[in-house]
Every structure is written in C-alpha cells, then in structure tokens.
Amino acid sequence: MKDLYSVLGVSKDADPASIKKAFKTLARTYHPDVNKDAGATDRFKEITAAYEVLGDEQKRSLYDEFGEASLRAGFDADQARAYRNMGGGYPPPGAGGGGGAGQGYPFPGGPGGGFGFEDLFSGLFTRGGAGGGAGMGGGPRAGGRGARVGPDVEGHVEIPFLDAVRGAELPLQVRRPGPCATCHGEGGTGRRTCAACGGAGRRPLRQFGLNALVQCEECGGAGVVYADECETCGGTGRTRELTTLNVRIPAGVQSGQTLRLRGQGGEGSAGAPPGDFLLTIKVQEHPLLRRNGKDLEMDVPVRLSEAIGGATVEVPTPTGRVRVKVPPGSGNGRRLRVTGRGVQDKNAPGDLYLVLRPVLPTVSDEETIALANELDARGPGPEVRANLEL
Ligand SMILES: [Zn+2]
Ligand SMILES: [Zn+2]
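In this text the structure is predicted, and so the values were computed from the model without any measurement.

What counts, and at which threshold
Residues numbered from 1 in each chain as written. Chains lettered and ligands numbered in written order. Predicted model: local features only at pLDDT ≥ 70, side-chain atom pairs only at ≥ 80, totals over all residues. Helix = DSSP H or I, 4+ residues; strand = E, 2+ residues; numbered from the N terminus. Contact = placed C-beta atoms within 7 Å. Pairing = 2+ DSSP bridges. Axes fitted to C-alpha atoms, helices over the stretch in contact; angles between N-to-C directions. Core = buried A, V, L, I, M, F, W, Y, C linked by C-beta atoms within 7 Å. Buried ≥ 20, exposed ≤ 12 C-beta atoms within 10 Å, placed from the backbone. Expected span 1.5 Å × (residues − 1). Parallel < 35°, antiparallel > 145°, perpendicular 65-115°, else oblique. Left-handed = near helix turned anticlockwise from the far one by under 90°.

Draft legend 1. Inspection of the overall build of the chain at higher detail. Broken down by element type, the chain carries 10 helices and 16 strands. Put simply, 63% of the contacts in the chain that link residues at least 6 apart link residues at least 24 apart.

What follows is the structure, given as structure tokens:
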C-alpha cells in the first residue's frame, strides 16, 4: 500500500488546508465523470481513500502514529499503544488482522539522536475531549456555539537515560490542534450547504458498479462550502499550531510511563478549558549504566594491583565524580555501594552500585606467565575447581 501522503502529494506535516486543496485538485482531475483514461477511476478511488484518512484530524493522527496498521478494521489504538509500550511491535504476533508481523515501532528521534523536536511529535493524535460524543470529526463547524473541552493530545518522546535518572526540563515542539486563528474556527464566511452532495459530504459513484460512497470533492466531505473560504485552514476551521511546551521530566520516570500535562492539549471551544497533553516516555539505554528500580549499576575496570592491594579510585556518577575505596583483595564482580548516587528521587534517592572488573594483563609472554605463577603460589592451588560440579 502506498503512503497516503504521497498519494495526495503532500508532506507529512502539511496543514489541513493544503491537504484539502491537494485532494480537491486531484479529485477534479481524476473524477470518472470527467476523466475517461484507463486507470483514472482507480486513481480517483486511491485519492479519495487517502483523503478519508488525512482529511480527518483523528484518523490522520492515528495513521501518523501507527501507519497502515491504523487503517485495519477493528484497530484499537489503546491496545496497540499498550503493546508497544511493553516493547513489542504492532500488531502483536498472531493478533489477527494478518500480515505485518514483526513490524516494530521505532520511536521517532532514534537512539542517541538527541531530540529531533519536530520529528518527535510527528505522531500526534487527538481524541474526542471530555465532551464525549461531540468529538472532533464533525466539530469544527459546529464550534463557536456549544462550549466543548479541548481534546487530549497524545505524543511520545525518547529521552536520554540520564535525564530519566536526574530529571530534566525539556522544550518540546508540538503541533496542537486548535481553532483557526484567522477565521476563529468558522471556516470562512458565506457558509452554505454544498450543492454537489446536498450537505451529506459523500456522493455515490456509480462507475464502481457497487454502492460506493465517496467523499464529495466539492466540499471535501464537510457538507458545506463558503463564499469566502478561510485560506489559513482551508475551511476546516482547525489548524495544527506549532508550539513549544516546556516539559518537566521527573527523576525516576520509566519507559512506557505517560505524563499528563494538564491544560496543554487541544484548545477548547467557546471558552471551555483545553484538553491535556499525554506524553509517553521512552528512556534510551545507556552504554555503561543499568537501572534496577531506583538503583543504578555500573561496571568499573580496576587494575590488578588495585584489586589486590586496594586503592582509592575516582569514578563518574550521575551527580558528579566521586572517590571510592576499593578494599584490598577485591575479586571480579565485587559490588561497592555509593549511597544516594542512583535515581535522584527527591524523597529517597537510589544508590549506585559499582561492579569491580579487574583487568588481566593481555600479554602472555614468559615473563607475564612467570609473574602469574608467582601470584598463584599465594592463592588457591589446583583445588580451585574442586566444587565445580553440575
Ligand atoms: Zn480558518
Ligand atoms: Zn459536498
């Protein structure tokens, strides 16, 4: 299946107005009533199907987040998200729907890529707000009358391991749906019912040989047209404004956790409060640190002389370097606890465990072997493996 954006020839961050415009232009060109070329009907169907998704704020957001999977019958976004947060791909293996096995969900931004702010939130989607049935689909043009709480907006972000350990404040650029500022959500002036579809927004297309209803290309499915259509939003009454959110990431956040940013979602209509922004966190791996709840663990290479004779070594921690005493006679794997240097939970910070890894000399010339024999003379003999039984 082709990418829906490329079907309409628009970019992924195109605003509703340009999507609608692209659809109208293409639909007029390939409409079977006017275009008798072979393939025009198929192309028209393809264009219409693409616009059914991209012309609908909610469907589009789901498509952005889950791709083609979101178009399948019975697709459940919450389930897909829950599954993804468990580390799986979507759809889950054997979850019906067919195909798509192992289709992973790379978080935008990529590992180690820092913050590609714009990319991070290419997968925004909106959900009907507290107004319930009102939803967003038919909403915009009815806006301005009844007050409706803004929709919740969901997004996800991948954060560096240490930001999750220490907590951080991150500026994130997001696209939040809201009423168009130019037309105040009205879509334009001189509003009247679309004559082409009689206000239904869909028209039967007999050429298909079945009762196919397609989106009306005159009104883009809205059922109304304007004498003077708002150019900013293309008559949809909604825009996706790019705004910066300063997100406070609390120390100790875990992968899969969702932060609710109150009042940072889509704008409400007629003075109603905005929805919330639900930000799902994915914590990147760290090459050296491992996390176990609030505690951290890190391997620390030590020289043989330090392991045998004891030493004070300096090591980095999430909150600065510290000097740590290595007790004499420390074997491989010995754990040293550094209190309070784990996850910086403000009530009770976790600890950092250093796992000592004595590094053996890698040269195996006669001299090194002789030295090793000398050391062995002071340690256990061949009985060292006496208890090694399975
Ligand atoms: Zn507008
Ligand atoms: Zn129409």
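Draft legend 2. Here's a closer look at the sheet that holds strand 12 (residues 295–303). With respect to topology, four strands assemble into an open sheet ordered 11-12-16-15, the strand pairing being mixed. The open sheet is flanked by strand 11 (289–292) and strand 15 (335–338), the only strands paired with a single partner. Neighbour-to-neighbour, the strand axes of the sheet open up by a mean angle of 30 degrees, direction not taken into account.

Draft legend 3. Representation of the nonpolar core in the model. Ranked by size, the top nonpolar core spans 21 residues in total, and within it L4, L8, F23, L26, I47, A50 and L54 carry the most contacts. Of all the secondary structure elements, the ones that give two or more residues to this core are helix 1 (4–8), helix 2 (16–30), helix 3 (40–54) and helix 4 (57–66). Residues in contact with L26, not counting those within four places in the same chain, are L8 and I47.

Draft legend 4. Examining the environment of V300 more closely. With respect to the element layout, V300 can be found in strand 12. Along the primary structure V300 and L356 are separated by 56 residues, whereas in three dimensions their C-alpha atoms are 5.0 Å apart. In this structure V300 touches V315, L354, V355, L356 and R357, once residues within four positions along its chain are discounted.

Draft legend 5. Structural detail: the environment of V355. Tracing the backbone through its elements, the reader meets V355 in strand 16 (residues 352–359). According to the C-beta neighbour criterion, V355 is partly exposed, with 14 such atoms within 10 Å. In the structure, V355 is positioned 18 residues away from R337 in sequence and 9.0 Å away in space, judged by C-alpha atoms.

Draft legend 6. View of helix 3. Here helix 3 contains 15 residues, and its C-alpha end-to-end distance of 21 Å stays within 8% of the 21 Å for a straight helix at 1.5 Å per residue. Along helix 3, the residues classified as buried are F44, I47, T48, A50, Y51, V53 and L54. In the core, the buried residues of helix 3 are packed alongside helix 1, helix 2, helix 4 and strand 6 (213–215).

Draft legend 7. Region of interest: the packing of helix 2 against helix 3. At a closest axis distance of 9 Å, the pairing of helix 2 and helix 3 adopts a crossing angle of 160 degrees. When the axis of helix 2 is compared with that of helix 3, the two are roughly antiparallel. At the point where helix 2 passes helix 3, the crossing takes the left-handed sense. In this structure, helix 2 contributes I19, F23, L26, A27 and Y30 to the contact, and helix 3 contributes A40, R43, F44, I47, T48, Y51 and L54.

What is shown is where atoms sit, not what they do.
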